[in-house]
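# Tertiary structure, described
Below, each chain spelled out in residue letters.
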Amino acid sequence: MNDSLSADAELGYQREPSASAHARPSAQTNAVAAQAGADFRIPSLDGIRALSFMLVFLAHAGLNKLMPGGLGVTVFFFLSGYLITTLLRRERERCGSNSLRDFYIRRAFRILPPFYTVLALAVAMTTLGLLPEPLRAGSLLSQLAHASNYWILFRDAHGFPAGTVVYWSLAVEEHFYLVFPALFILLQRSLPRRQGAQAGIVLGACACVLAWRLALVLLWDAPEVRTSIATDTRIDSILFGCALALYGNPMLDAPRGSAMLWRGVLVPAGVTLLLLTMMYRAPWFRETLRYSLQGLALIPMFVVAIRFPEWGIMRHLNHPWIARLGVLSYSLYLCHQVFIVVFETRLLPGSRIVTGSLAFAASLLCAAAVERWIERPSARARRALTVSG
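Residue numbering note: each chain is counted from 1, following its sequence as written. Local features in a predicted model are, by the rule used here, given only for residues with pLDDT of at least 70; side-chain atom pairs are given and counted only at 80 or more, and totals for whole chains, interfaces and linings are based on all residues. For side-chain calculations, the full set of non-hydrogen atoms in the structure is used, while hydrogens and water are omitted.

Let's shift gears to the overall build of the protein chain. For the purposes of this entry, the term helix denotes a DSSP run of H or I that reaches at least four residues, the term strand denotes a run of E that reaches at least two, and both are numbered from the N terminus. Summing up its helical and strand segments, the protein chain has 17 helices and zero strands in all. When each of the 389 residues of the protein chain is scored for burial, the buried share is 54%. Residue-level accessible areas treat just the shown protein chains as cover; the underlying method is Shrake-Rupley with a 1.4 Å probe. Carbon together with sulfur atoms contributes 67% to the accessible area of the protein chain, which is approximately 16,200 Å² in total. Burial classification: accessible surface area is computed with a 1.4 Å probe over protein chains only, and a residue below 20% of its type maximum counts as buried, one above 50% as exposed, and the rest as partly exposed.

Right, here's the structure in full:
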């Protein structure tokens, strides 16, 4: 989501040097060197953001029995991990090191201005009576501190501006940002140029998170909310993306495997696995193995979308209109359910098709305004304050 955003990772949302359209790795040349200029674009990522957002939006707009909104969040998480780690690798290749100062300045100026702007809008709409949920100081403070997922877990989901409970996913990403850059630097220093070993450690962390979920569900009978929104039980969805960025990165590393293998075998296998994770509904599976299997299934899809952006359905991910929706996906994610609630409960209760359409249009206008007057000035300030821009 928050790194799920243009050339940044994105709750989920973020824009570093942009990430959407062209450039493929070569077996003979280092793609990092080839992309050493300021225009660093990763094919298909904006389209993936757009698709993920639409899954979330349609589920929230009343089609939750048909649209896997939870999968949209998982894809946002994976994308965030992949993009953030790719950008960290690229910075290290270009500069010889990583600046934690620059990283956190970039994250802060990318994530926080839109987040607090839309949250302030939701508070104002609640005060004016356009949103129904009464506010509570503790709930609102947990959102301001990016801890709303644990507030919901250990307290309740009341007292937030209506339509902003989904910010739990942004809290997961914020917690990831606090920890992962230092871990990345440690891996680079401890295992220099051993990308496979680095990815293995990250995948080992994913296995530990799975073991923790299994223990919570099978030994302690934890409720679904415990494993679905807590950082300690969902961060592996981000780490799977990190692992791909570290080893076999389709943007930075030489291609591994033939086009036939990826397009004819691994992508169909990934699609089948994703479908199986959505069809098998046993509660224990849904809150344990499902997230891990989805993370594995997404790997070939991302590789093919980035490595073969002109192949099959992947070319549609790079259509200008779809890519534009992906660029707006962070702000869209922030505001979409607020407008769904407004139209469903206050303005035009009734047909979900009508209210959903109006909410989508209002969300687009809001996201475009946030991009124009909040995100672009913030990006200029970010570039002025960091060495790498």
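With phi around 75°, Ser-44 is a residue other than glycine that occupies positive phi space. The residue Arg-193 is not glycine, and still its phi comes out positive at about 60°. Along the chain, the position of Arg-193 falls in the loop between helix H7 (168–190) and helix H8 (195–219).

Considering every residue of the protein chain, the mean pLDDT works out to 91; 89% of them sit at 70 or more. Scored from 0 to 100, pLDDT records how confident the predictor is in each individual residue. In this analysis, two residues are considered to be in contact whenever any of their non-hydrogen atoms come within 4.5 Å of each other. Contacts for the low-pLDDT stretch residues 4–38, under 50 throughout, to residues beyond four places or in other chains number 171 contacts.

Packing of H8 against helix H10 (residues 231–246) brings their axes to within 9 Å, and their N-to-C directions diverge by 160°. Looking at the two axes, H8 sits roughly antiparallel to H10. Handedness of the H8/H10 crossing: left-handed. Counted together, Gln-195, Gln-198, Ala-199, Val-202, Leu-203, Ala-205, Cys-206, Val-209, Trp-212, Arg-213 and Leu-216 of H8 and Asp-232, Thr-233, Ile-235, Asp-236, Leu-239, Phe-240, Cys-242, Ala-243 and Leu-246 of H10 form the full contact between these two elements. The convention used is that axes are lines fitted to C-alpha atoms, helices contributing only their stretch in contact, and that angles between N-to-C directions extend from 0 to 180 degrees. Roughly parallel means an angle under 35 degrees; roughly antiparallel, over 145; roughly perpendicular, 65 to 115; everything else is oblique. Helix crossings get a hand from a simple test, with the near helix turned counterclockwise from the far one by less than a right angle marking a left-handed crossing and a clockwise turn marking a right-handed one.

On to the pattern of salt bridges. Salt bridge, as used here: a side-chain nitrogen of Lys or Arg that lies within 4 Å of a carboxyl oxygen of Asp or Glu. All chains considered together, the criterion is met by 11 salt bridges. One salt bridge in this structure joins Asp-102 and Arg-101, with 2.8 Å as the shortest N-O distance. Judged by relative accessible area, which is 2%, Asp-102 ranks as buried. The residue Asp-232 makes a salt bridge to Arg-226 at a minimum N-O spacing of 2.8 Å. Judged by relative accessible area, which is 23%, Asp-232 ranks as partly exposed.

For the rest of this paragraph, the subject is the packing of helix H2 (residues 45–63) against helix H17 (residues 352–385). Running from amino to carboxyl end, H2 crosses H17 at an angle of 140°, the nearest separation of the two axes being 10 Å. In terms of axis orientation, H2 runs oblique to H17. For the pair H2 and H17, the crossing hand works out as right-handed. On the side of H2, the interface is formed by Phe-53, Met-54, Phe-57, Ala-61 and Gly-62, while H17 contributes Arg-352, Gly-356, Ala-359 and Phe-360.

For the rest of this paragraph, the subject is H8. Owing to its 3.6 residues per turn, the α-helix aligns residues three or four sequence positions apart on the same side. Here the expected span of a helix is defined as 1.5 Å times the quantity of residues minus one. The end-to-end C-alpha distance of H8 is 35 Å, a good match for the 36 Å that 25 residues give at a rise of 1.5 Å each. Looking only at H8, the buried set comprises Gln-195, Gln-198, Ala-199, Val-202, Cys-206, Val-209, Leu-210, Arg-213, Ala-215, Leu-216 and Val-217. As for H8, its buried residues are in contact with helix H3 (69–95), H7, helix H9 (224–229), H10, helix H12 (283–286) and helix H13 (289–307). Positioned one or two residues after H8, Asp-221 has a phi angle of 50°, which is positive.

Now for the side chain of Glu-375. Tracing the backbone shows Glu-375 in helix H17. When its relative accessible area of 7% is taken as the criterion, Glu-375 is described as buried. Under the rule applied, a polar contact is a pair of N or O atoms within 3.5 Å (in protein, one hydrogen donor and one hydrogen acceptor; residues adjacent in sequence only if both atoms are side-chain atoms). At 2.3 Å, the side chain of Glu-375 forms a polar contact with the side chain of Arg-110. Here Ser-331 takes part through its side chain, which lies 2.7 Å from a polar atom of the side chain of Glu-375.

This part takes up the state of the cysteines. Disulfide: a pair of cysteine sulfur atoms within 2.5 Å of each other. Applying the stated rule across the entire model yields zero disulfides. Left without a disulfide partner, Cys-206 is nearest to the cysteine sulfur of Cys-242, which lies 8.0 Å away. Of the cysteine sulfurs around Cys-335, a residue in no disulfide, the closest is that of Cys-366, at 3.9 Å.

Bringing the nonpolar core into the picture now. Throughout this description, the term nonpolar core refers to a set of buried Ala, Val, Leu, Ile, Met, Phe, Trp, Tyr and Cys residues connected via side-chain atoms within 4.5 Å. Residues Leu-45, Phe-176 and Phe-302 are the most contacted members of the largest nonpolar core, which totals 93 residues. If you tally residues by element for this core, the top one is H3, at 12 residues. Look past the residues within four positions of Phe-302 in its chain and what remains in contact with it is Leu-45, Ile-48, Val-75, Phe-78, Leu-79, Leu-244 and Pro-250.

The next subject is the packing of aromatic side chains. Stacked, edge-to-face and tilted are the three classes for Phe, Tyr and Trp ring pairs, Trp counted by its six-membered ring, which pair at centre distances within 6.5 Å; planes under 30 degrees apart are stacked, over 60 edge-to-face, the rest tilted. Here the structure, examined in full by the defined rule, presents 17 aromatic pairs. Seen from their ring centres, Phe-77 and Trp-168 are 6.2 Å apart, and the 75° between their planes marks the pair as edge-to-face. Placement of Phe-77 in helix H3 and of Trp-168 in helix H7 is noted, with a sequence separation of 91 residues between them. By the burial criterion, Phe-77 is buried, and Trp-168 matches it. Arranged with centres 5.2 Å apart and planes meeting at 75°, the rings of Phe-115 and Tyr-116 form a pair that is edge-to-face.

With that out of the way, let us pick up the environment of Val-342. Relative to the helices and strands, Val-342 is located in helix H16 (residues 329–347). Through-space distance from the C-alpha of Val-342 to that of Met-125 is 8.9 Å; in sequence the pair is 217 residues apart. Every residue in contact with Val-342, bar those within four places of it in the chain, is listed here: Met-125, Leu-130, Leu-131 and Leu-347.

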